[in-house]
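# Summary of the model geometry
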Amino acid sequence: MTESALQRGLWGILIAGLLAVSVAYFGSWGAPPVLSRLHDFSLTNQLGRPVSLESLEGRITVVNVIFSRCPTQCRRLSAQMQRIQARMPSGVRLVTLTADPEHDSPQVLDRYGKEYGASPEKWWFLTGAKAEVFRVAVADLKFAVVESGDPSAKLEDLFIHSADFGVLDSRGRLRFIVHGEDSDAEDKVLRSVKRLKGIL
């Protein structure tokens, strides 16, 4: 990995951390802040169907980033999302972006999703043009996603990416970031969703 790529990745992780701190600090005061917002995009889910911003509007969305070849952190994140899926109120969309769209075709993501009991009606795995995926993940959702550029790297090191969950409101605005490594991450995601739904 080049020094500049590593620096971008570390800055991205730092920014995500600062956003999470701001959520923790301001989250108990009035409406949660708008941290960022999705712009229109064109990606494809694991069923080969097109997905755009319009596809997500009207639903609260929980989103994360993985890549199917990763044998470590991504597996933990997907297991967490599986448990989140089981606990979510109706009408909530789960979205997983791949950091490795050149490998993770809809067919690959469909097989991967089935390993975690992903319901295509609730949980989408999105792939597409690399530049588009990275734009959505980094520019709009404030995730860190950096390709190592080292073909000899171990599978888990091919990409450096955030181990976080983003929670978007029904207008595609990022309102919460939850660190996936927190011991109560799944509870925090559920509380964030309930808060946006007006349950809390």
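Residues numbered from 1 in each chain as written. Predicted model: local features only at pLDDT ≥ 70, side-chain atom pairs only at ≥ 80, totals over all residues. Heavy atoms only, no water.

The helix and strand tally for the protein chain stands at six helices and 10 strands. Counting across all 200 residues of the protein chain, residues that qualify as buried make up 50%. (Helix = DSSP H or I, 4+ residues; strand = E, 2+ residues; numbered from the N terminus. Buried < 20%, exposed > 50% of the residue type's maximum accessible area, 1.4 Å probe, protein only.)

As a further point, take the nonpolar core. In this structure, Phe41, Val62 and Leu97 are the most contacted members of the largest nonpolar core, which totals 54 residues. When residues of this core are assigned to their parent elements, the largest contribution, five residues, is made by helix H3 (residues 73-87). (Core = buried A, V, L, I, M, F, W, Y, C linked by side-chain atoms within 4.5 Å.)

Below, the discussion takes up the pairing of strand S4 (residues 61-66). Here S4 lies mainly inside the structure; six of its six residues are buried. Of the two faces of S4, the one lined by Thr61, Val63 and Val65 and the one lined by Val62, Asn64 and Ile66 are each fully buried. Sheet topology note: the S4/strand S5 (residues 93-98) ladder contains six bridges and is parallel. When the sheet's bridge partners are listed, valine 62 is paired in S5 with leucine 94. On the question of chirality, the crossover connecting S4 to the parallel S5 by way of H3 is right-handed. The sheet contact formed by S4 and strand S9 (residues 164-168) spans three bridges and is antiparallel. Bridge pairing in S9 places threonine 61 opposite leucine 168. (Pairing = 2+ DSSP bridges. Right-handed = clockwise from strand over helix to strand, strands pointing away.)

This part takes up the environment of glutamate 57. Note that glutamate 57 resides in the loop between helix H2 (53-56) and S4. C-alpha of glutamate 57 to C-alpha of leucine 168: the two residues are 111 residues apart in sequence and 9.8 Å apart in space.

The next subject is unusual backbone geometry. Residues other than glycine seldom take positive phi values, yet lysine 142 does so here, at roughly 65 degrees. When you line up the elements, lysine 142 lands in the loop between helix H5 (130-140) and strand S7 (145-147). Under the relative-accessibility criterion, lysine 142 is labelled partly exposed at 27%.

The next point concerns the state of the cysteines. What the rule picks out here adds up to zero disulfides. Cysteine cysteine 70 shares no disulfide, and the gap to the nearest cysteine sulfur, in cysteine 74, comes to 3.1 Å. For cysteine 74, a relative accessible area of 0% puts it in the buried group. (Disulfide = S-S within 2.5 Å.)

Summed over all chains, the structure comprises 14 salt bridges. One salt-bridge network, held together by shared partners, links Asp182, Asp184, Lys188 and Arg191. (Salt bridge = Lys/Arg side-chain N within 4 Å of Asp/Glu carboxyl O.)

To continue, consider the environment of arginine 87. Relative to the elements of secondary structure, arginine 87 occurs in helix H3. Setting aside residues no more than four positions away along its own chain, arginine 87 makes contact with Glu186, Asp187 and Leu190. A distance of 2.9 Å separates the side chain of arginine 87 from the side chain of aspartate 187, its partner in a polar contact. (Contact = heavy atoms within 4.5 Å. Polar contact = N/O pair within 3.5 Å; in protein donor to acceptor, adjacent residues only side chain to side chain.)

Attention now goes to the packing of H3 against helix H6 (residues 185-196). Two numbers describe how H3 lies on H6: the axes approach to 10 Å, and their chain directions differ by 40 degrees. In this view, H3 runs oblique relative to H6, as classed from their interaxial angle. Of the two possible hands of crossing, H3 and H6 adopt the one that is right-handed. Between H3 and H6, the residues in contact are Gln80, Arg83, Ile84 and Arg87 and Ala185, Glu186, Asp187, Val189 and Leu190, respectively. Per-class residue counts for the contact of H3 with H6 are four nonpolar, one polar and four charged. (Axes fitted to C-alpha atoms, helices over the stretch in contact; angles between N-to-C directions. Parallel < 35°, antiparallel > 145°, perpendicular 65-115°, else oblique. Left-handed = near helix turned anticlockwise from the far one by under 90°. Nonpolar A, V, L, I, M, F, W, Y, C, P; charged D, E, K, R; others polar.)

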